[in-house]
Each structure stands twice: as C-alpha cells, then as structure tokens.
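Take a look at the letters that make up each chain.
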Amino acid sequence: MNLLLIDDEPLLLRSLECAVTEALPDAQIHSFVKAREGLEYAKTEKVDVAFLDIQMRGIDGLSLAKELVAMRPDTNIVFCTGFAEYALDAFDAYASDYLLKPISPEAIKKAMKQLRHPVEESKRVKFSCFGNFEAFCDGKPICFGLSRTKELLAYLVDRNGAECRAAEICAVLFEDKLNNFYYHKIRGDLIKKFTELGIMDCLRVTHGGLAINRDAVDCDYFAYKDGKIKEKPMEYMTQYTFGEFTLPNM
C-alpha cells in the first residue's frame with residue numbers, strides 16, 4: 001500500500017508518520033512538507049491513500065485534494081487537521097475521512113476501514129509460472145537449501161491449491177520410486193524456508209500432505225485459471241516436465 005502524507009509543519013508531519021507507521025507497519029510512506037512536491041510525486045506514482053493537512057502555505061489541502069482526485073480518481077483522501085469547521089467542505093472534496101489532530105494510530109485504522117476506494121493488500125509471495133518457474137518473497141527470489149525443493153514448490157503450484165500426498169509427489173518428482181527419505185528432506189526444507197520468511201500462511205501442511213494457499217499469493221497461473229488473464233501463454237514452467245496445464249499448439 002502506497003501512502004502520501006503532506007503537512008507543512010515538520011513536527012506535525014513527523015507525528016503523523018509515527019501514527020501511520022504504528023497503524024500500518026507494512027505500508028510504503030512518502031512524506032512531504034511542500035504540497036507541490038507531493039503533487040509531483042503523485043503524478044508519477046500511484047497513491048492509494050493521501051493524508052492531507054488542510055491549512056497549508058501555498059495551496060490548501062482542499063484544493064490539493066481536488067487536484068489529486070482529478071489526476072487519479074481512485075486516490076483515497078483523508079484530511080488531517082486541527083480545525084473542525086472544514087468538515088463539510090472536506091466531504092464535498094470526496095474525502096474518505098476527516099481526522100482531528102493529534103491523530104492516533106487507532107484513528108488511522110478506523111479511517112482505513114471506510115475508504116471510498118478499497119485498497120487491495122499486496123501479497124508478499126509471488127509465483128511466476130509462464131516461462132521458467134520462479135518464486136519471490138518481498139520482491140526477492142526465494143533460495144532453498146536443497147535444489148529440488150523449488151521443484152516440489154513448483155509442483156504444488158501446478159496442482160492449483162489441491163492437497164498433494166507423499167506418494168503422489170514421489171511418483172512425479174522421483175518417477176516410479178517412492179523415495180520417502182528424500183521427499184521428507186525437501187518437504188522439511190520447504191517448511192523451514194517458509195517459516196524463516198514468515199510466510200507459512202501460503203502453505204497448508206497436513207499430516208500426510210502439502211498444498212498452496214492460493215488466496216495468500218500472487219501467481220500468473222492462478223490468475224489465468226481464474227479468468228483474470230485472458231491470453232494463453234506460450235511457455236509454462238519450462239524447466240520441469242510435469243504440469244496439468246496444456247500449452248497451445250505452436
């Protein structure tokens with residue numbers, strides 16, 4: 001989530017930053033004491049929520065909000081001010097909320113629940129299946145201790161969230177040999193890495209099986225299966241031979 005904070009009083013801006021950081025620790029915060037600099041930032045970067053002071057030098061927050069919304073209609077506006085008398089004007093400017101200073105983390109959390117344009121939380125884990133299979137966490141490749149752990153993960157992704165049992169995985173990854181010893185090694189490596197990264201919500205672990213939690217990840221293959229990507233890709237997990245996904249004829 002990308003947030004824009006604008007207040008021409010540096011100490012008040014810092015106080016707002018602290019409240020927003022406590023309320024939304026995973027958000028990307030971009031703060032400006034000069035309103036025009038904040039507006040220039042919004043011209044090139046998508047802003048999910050803009051927290052704006054109203055009384056500022058140069059341009060007031062109401063005018064700034066109108067410029068932001070005219071430029072990017074899906075920007076949520078939350079006014080942060082010490083004056084209650086601007087509330088009606090604020091909501092005429094399509095504000096999601098109107099917060100009176102000093103602003104607490106609880107007030108920020110409440111404002112986020114009533115945004116005019118709901119913000120979809122970005123997911124930490126991303127799987128790319130079209131072309132080579134790659135796995136990322138926070139934008140960085142996930143590196144495993146064992147080379148075939150990535151192959152196990154790719155197979156789980158290919159199964160589209162279905163639970164996979166040990167015998168099935170061994171038959172696919174190790175051909176016709178039920179290699180339980182090595183299966184448990186790569187299974188343990190997968191769980192260890194996901195635990196270290198704090199992303200175990202992406203993996204369903206049962207006594208006898210494993211599955212990917214589709215709702216916790218971004219994945220081009222899942223998006224295609226759900227109809228969000230219309231064009232069928234020409235390549236799919238090219239480094240592996242398994243896959244339920246049939247490519248179009250070349």
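Look above for the structure.
Analysis parameters
Residues numbered from 1 in each chain as written. Predicted model: local features only at pLDDT ≥ 70, side-chain atom pairs only at ≥ 80, totals over all residues. Heavy atoms only, no water. Salt bridge = Lys/Arg side-chain N within 4 Å of Asp/Glu carboxyl O. Helix = DSSP H or I, 4+ residues; strand = E, 2+ residues; numbered from the N terminus. Polar contact = N/O pair within 3.5 Å; in protein donor to acceptor, adjacent residues only side chain to side chain. Contact = heavy atoms within 4.5 Å. Core = buried A, V, L, I, M, F, W, Y, C linked by side-chain atoms within 4.5 Å. Buried < 20%, exposed > 50% of the residue type's maximum accessible area, 1.4 Å probe, protein only. Pairing = 2+ DSSP bridges. Axes fitted to C-alpha atoms, helices over the stretch in contact; angles between N-to-C directions.

Caption draft 1: Structural view of the pattern of salt bridges. Summed over the entire model, instances satisfying the criterion amount to 16 salt bridges. With its nearest N and O atoms 3.2 Å apart, the salt bridge here joins arginine 36 to glutamate 67. Taken together, the positions of arginine 36 in helix H2 (residues 35-44) and glutamate 67 in helix H3 (residues 61-71) put the pair 31 residues apart, joining distant regions of the chain. Across the salt bridge formed by arginine 148 and glutamate 151, the nearest N and O atoms sit 3.0 Å from each other.

Caption draft 2: Layout of the side chain of asparagine 76. Mapped onto the fold, asparagine 76 is located in strand S4 (residues 76-81). A distance of 3.1 Å separates a polar side-chain atom of asparagine 76 from the backbone nitrogen of arginine 116. Engagement of the side chain of asparagine 76 in a polar contact is seen with the backbone nitrogen of histidine 117, the distance being 2.8 Å. Setting aside residues no more than four positions away along its own chain, asparagine 76 makes contact with Asp48, Val49, Ala50, Ser96, Leu115, Arg116, His117 and Val119.

Caption draft 3: Geometry of the nonpolar core. Core analysis: the largest hydrophobic core is formed by 39 residues, its most contacted members being Phe127, Phe133, Leu153 and Val157. Looking at this core, the elements with two or more residues in it are strand S6 (125-128), strand S7 (134-137), helix H6 (149-158), helix H7 (166-173), helix H8 (180-197), strand S11 (209-212), strand S12 (217-219) and helix H9 (220-225). No other element matches H6, which puts six residues into this core. Non-local contacts of leucine 153, meaning those with residues more than four positions away in its chain, are made with Phe127, Phe133, Ala135, Phe144, Leu190, Phe194 and Ile212. Formed by 22 residues, the second largest nonpolar core is a distinct cluster that contains Leu4, Ala42, Phe79 and Ala95.

Caption draft 4: Region of the structure containing the sheet that holds S11. Ordered by their spatial adjacency, three strands build an open sheet running S9-S11-S10, and the pairing between neighbours is antiparallel. The outermost strands of the open sheet, each flanked by one partner alone, are strand S9 (164-165) and strand S10 (203-205). Of the pairings in the sheet, the one linking S10 to S11 comprises three bridges and is antiparallel in character. For valine 205, the partnering residue across the bridge sits in S11 and is leucine 210. H8 contacts S10 and S11 of the sheet and is inclined by roughly 130° relative to S10.

Caption draft 5: Summary view of the sheet that holds S12. Reading across from one edge, S8-S7-S6-S12 is the order of the four strands in this open sheet, with mixed pairing throughout. Looking at the sheet topology across the chains shown, the edges are occupied by strand S8 (140-141) and S12. One ladder, built from two bridges, connects S7 with S8; its direction is antiparallel. By the bridge assignment for S8, cysteine 137 is matched with lysine 140.

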